[in-house]
Amino acid sequence: MVKMNDVAEKANVSKATVSRVLRNPETVKKDTREKVLAIIEQLNYQPNILARHFRRSETNTILVVVPNIMNTVFSHILGGIEHAACEKGYRVLLANTNKQVEKEYEYLDHLKQRQVDGMILLSARMDKGVLGEVMRQYPVVLTADYLEGIAIPTVSIDNVSSARTATEHLIKLGHSRVAHITGPLHLLLSQDRLKGYRQALLQNNLDVDNILIQEGDFSYESGYNQMTKLLALEHPPTAVFSANDEMATGVIKAAKDYGLSVPEDLAVVGFDNIKLSAIYDPGITTIAQPMFEMGKKAMELLLEQINGVEMTKRQYVLENELIIRDSCGAKLLKDN
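Residues numbered from 1 in each chain as written. Predicted model: local features only at pLDDT ≥ 70, side-chain atom pairs only at ≥ 80, totals over all residues. Heavy atoms only, no water.

Caption draft 1: Layout of the overall build of the protein. Across its full length, the protein carries 14 helices and 12 strands. Scored against the burial criterion, the 336 residues of the protein give a buried share of 52%. Look at the contacts in the protein between residues 6 or more apart in sequence, and 71% of them connect residues 24 or more apart. Entry remark: accessible area of the protein is about 16,100 Å², with carbon and sulfur atoms responsible for 48%. Taking the 38 positively charged and 42 negatively charged side chains of the protein as two groups, their mean positions are separated by 7 Å. (Helix = DSSP H or I, 4+ residues; strand = E, 2+ residues; numbered from the N terminus. Buried < 20%, exposed > 50% of the residue type's maximum accessible area, 1.4 Å probe, protein only. Contact = heavy atoms within 4.5 Å. Areas by Shrake-Rupley, 256 points an atom, 1.4 Å probe, with all protein chains shown as cover. Lys, Arg positive; Asp, Glu negative; His and termini not counted. Charge placed at Lys NZ, Arg CZ, Asp CG, Glu CD.)

Put into structure tokens, the structure is as follows:
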């Protein structure tokens, strides 16, 4: 049976273009439209009338799949998604997986049953093959995370360079024994932040001591627990780069419980710039992600797919910024 993909490949256009020729031919350039129609006739392609009917029956609802609804980063990204969705008359349906990959597969049924018009993933733990097949048939966007080897439209920051910036900041303040508490290392973004940390050390002629690298899970508790391990070392670190702000608060609490002062005895840098990082004592130096803008851009990309717009770019990398506060000791150094 001839499929739409066959027509797209033969005509050297995207599947979305073939779809627009069938649904909204007036939106396609005449020469492209005629070429696609000729290939359709040549291959005797028979569009699935039932599927086309469902595609016309838009719900004006999109699904946002979140791995942990309690995570402040995701709530800010969701704010950007909702803002852009409301402007275009779309409703947002929130699905919390609670970090369970099985639930990601369950939520795919909303797409397959046409209960929603598209889906935004704030993390992707499902099999790449499954996700690749889904994105070839339905509008899907990934933000806050990314996947290698799959052409899913993605909105993120450069986690390698931002982590390198955070670590280099501590090195420039005079620290040579800098620890890193990572996020879950099955996530590419955690691997990238670890990569940036390693790059900063090597580029500054510092050895990478694996005993100073501890894996956390982005929670306050893991930041606290991993910091207690680091403080128990014969030669503990004088500085810590935490892969997120929530773990950074745990790092600072552990240091205080050990009788240390932050930043006088231990310098700390976090990641994300959540609201807590500004009001915590001491204020946490951190990498600011443009979370609201990430959500807004993800929704815009999803709407382009829903409307059959041919995508010329699939990966969007937004700018990040190092926000310097008291936890790193930069102010103390400047005052001296």
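Caption draft 2: Fine view of the sheet that holds strand β6 (residues 178-182). Pairing is parallel in the open sheet, where 4 strands are placed in the order β7-β6-β8-β9. In this open sheet, the two edge strands, each paired with only one partner strand, are β7 (213-215) and β9 (267-269). For this sheet, the mean inter-axis angle between neighbouring strands, taken without regard to orientation, is 15°. With 4 bridges connecting them, β6 and strand β8 (residues 239-242) associate as parallel partners. Across the sheet, Ile181 pairs through a bridge with Ser242, a residue of β8. (Pairing = 2+ DSSP bridges. Axes fitted to C-alpha atoms, helices over the stretch in contact; angles between N-to-C directions.)

Caption draft 3: The packing of aromatic side chains, seen in detail. Applying the stated criterion across every chain yields a total of 1 aromatic pair. Judged by centre distance (6.4 Å) and plane angle (45°), the rings of Phe241 and Phe271 are tilted. Of this pair, Phe241 sits in strand β8 while Phe271 sits in the loop between β9 and α12 (275-279); the two residues are 30 residues apart in sequence, bridging distant segments of the chain. Neither residue differs from the other here; Phe241 and Phe271 are each classed as buried. The lysine or arginine in question, Arg193, covers the ring of Phe271, its NZ or CZ lying 3.7 Å from the ring centre. The cationic tip of Lys297 hangs over the ring face of Tyr316; the distance from NZ or CZ to the ring centre is 4.4 Å. (Phe/Tyr/Trp six-rings, centres within 6.5 Å; stacked < 30°, edge-to-face > 60°. Lys NZ or Arg CZ within 6 Å of the ring centre and 35° of its normal.)

Caption draft 4: Spatial organisation of the pairing of strand β4 (residues 140-143). Of the two faces of β4, both are covered, the one formed by Val140 and Leu142 as well as the one formed by Val141 and Thr143. With 3 bridges joining them, strand β3 (residues 118-121) and β4 adopt parallel strand pairing. Paired with Ile120 across the strands is Val141, a residue of β4. Handedness of the crossover is the feature at issue here: the chain leaves β3, passes through helix α7 (residues 128-137), returns alongside β4, and the resulting connection is right-handed. Pairing of β4 with strand β5 (residues 154-157) involves 2 bridges; the strand directions are parallel. Among the inter-strand pairings, Leu142 is bridged to a residue of β5, identified as Thr154. (Right-handed = clockwise from strand over helix to strand, strands pointing away.)

Caption draft 5: Local environment of the pairing of strand β1 (residues 61-66). The buried count for β1 comes to 6 of 6 residues, which makes it a mostly enclosed element. As judged from the 6 bridges shared by β1 and strand β2 (residues 91-96), these two strands associate in the parallel manner. Note that in β2 the partner of Ile62 across the bridge is Val92. Across 4 bridges, the pairing between β1 and β3 is parallel.

Caption draft 6: Representation of the sheet that holds β4. Spatial strand order, β2-β1-β3-β4-β5-β11: 6 strands in an open sheet with parallel pairing. A single partner strand is all that each edge strand has here, and the edge strands are β2 and β11 (315-318). In this sheet, neighbouring strand axes are inclined to one another by 20° on average, regardless of whether the strands run parallel or antiparallel. Note: β5 against β11, 4 bridges, orientation parallel. The residue of β11 that forms the bridge with Ser156 is Val317. Helix α6 (residues 101-112) contacts β1, β2, β3 and β4 of the sheet and is inclined by roughly 175° relative to β1.

Caption draft 7: The arrangement of helix α8 (residues 159-172) in detail. Taking 1.5 Å per residue, 14 residues should reach 20 Å; α8 reaches 20 Å between its end C-alpha atoms and fits that length. Burial analysis of α8 places 10 of its 14 residues in the buried class, the great majority of the element. For α8, the full list of buried residues reads Asn159, Val160, Ser162, Ala163, Ala166, Thr167, Glu168, His169, Leu170 and Ile171. With a side-chain oxygen lying 3.1 Å from the backbone nitrogen of Val160, the N-terminal cap of α8 falls on Asp158. Of the residues trailing α8, Gly174 is marked for its positive phi of about 105°. (Expected span 1.5 Å × (residues − 1). Polar contact = N/O pair within 3.5 Å; in protein donor to acceptor, adjacent residues only side chain to side chain.)

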